[in-house]
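# Results of the structural survey
The residues making up each chain are set out below.
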Amino acid sequence: MERIALTVRFLTRRFIGEYGDMEFIYSHNLTVDGREILLHIWDVPNSQEQAEDGSSEEKRIQWADSFVLVYSICDRASFNILPLKVQFIKAAKEGQSQEKVPIVIVGNKRDLHHQRVVSSEEGRLLALSLDCGFYEVSAAEAYHGALMVFHGLAKLIPDTKLALKKGTGIRGIVKTMSAVFARKRTDSL
C-alpha cells in the first residue's frame, strides 16, 4: 500500500494508514517552475497489476506520460520487481518515440529504518542503472517527501506532452477509462 499512501499524502497532506486494494484516478493541479500542470494520477495496486494480463498493463502505460514506481524499504520483493517494470514501461513507451519516458523510483517507509531490508544505496544504484529518478521518503512522517516526488516528476515531463494533455478534462478521462476497461459508452458527456 506504499503507493496509495504516497499519493494520498501528496493530494491531501494527510497520512491514512489503511487502504483497500482498489484502483483510483485522481486529478490535481500543481505549479512547478511557474508552469501550471494538471496531473491525472492513475493509482493501481501491485496485486492487481500482477493478476492482470499484459494488455491491461500496456494500456495503462500508453495512457501515462510519466511513472512513479514505489517500493517498500521493508520489502525486498517489492524492490526486486522494479527492473522488470521499468523494462516493460520503456519497451512500450520508448519504442514508439525518441523521447525518454520520465520514471521515478521511490523507496517508501523511510521512518521504519529498523525494519529496512533495502538500503538507500541499493535504491539509488538501481535508479541510476535504469536511468530513473530516485527518492526515498516516508509518506507517514511528512508531506514534503511526497511533494518532492511529484514536483521532481513534473519537471521531467516535456512541455510538449503537457500541451497535448492540457485540454483533456473529464471527457478524455472517461473515454480513456472506457477504452482501458473495454466498456462501451455513449458520448453523452
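Let me begin by describing the structure that accompanies this report. (Residues numbered from 1 in each chain as written. Predicted model: local features only at pLDDT ≥ 70, side-chain atom pairs only at ≥ 80, totals over all residues. Heavy atoms only, no water.)

### Let's talk about the pairing of strand β1 (residues 24-32)
- Pairing between β1 and strand β2 (residues 35-43): nine bridges, direction antiparallel. Residue pairing for β2: Tyr-26 is matched across the bridge by Ile-41.
- Taking the residues that link successive antiparallel strands as the turn, the β1-β2 hairpin has two residues, and the phi of Asp-33 there is positive, at about 50°. (Pairing = 2+ DSSP bridges. Helix = DSSP H or I, 4+ residues; strand = E, 2+ residues; numbered from the N terminus.)

### So, the sheet that holds strand β4 (residues 103-108)
- Strand order in the open sheet formed by three strands is β3-β4-β5, and the pairing between neighbours is parallel. In this open sheet, the two strands that pair with only one neighbour each are β3 (67-72) and β5 (133-136). Across the sheet, the mean angle separating the axes of adjacent strands is 20° when strand polarity is ignored.
- Sheet topology note: the β4/β5 ladder contains four bridges and is parallel. When the sheet's bridge partners are listed, Ile-105 is paired in β5 with Phe-134. (Axes fitted to C-alpha atoms, helices over the stretch in contact; angles between N-to-C directions.)

### Examining unusual backbone geometry
- Even without a glycine there, the phi angle at Asp-33 is positive, about 50°.
- For Asp-33, the position within the fold is in the loop between β1 and β2.
- On the basis of relative accessibility, which here comes to 64%, the residue Asp-33 falls in the exposed class. (Buried < 20%, exposed > 50% of the residue type's maximum accessible area, 1.4 Å probe, protein only.)

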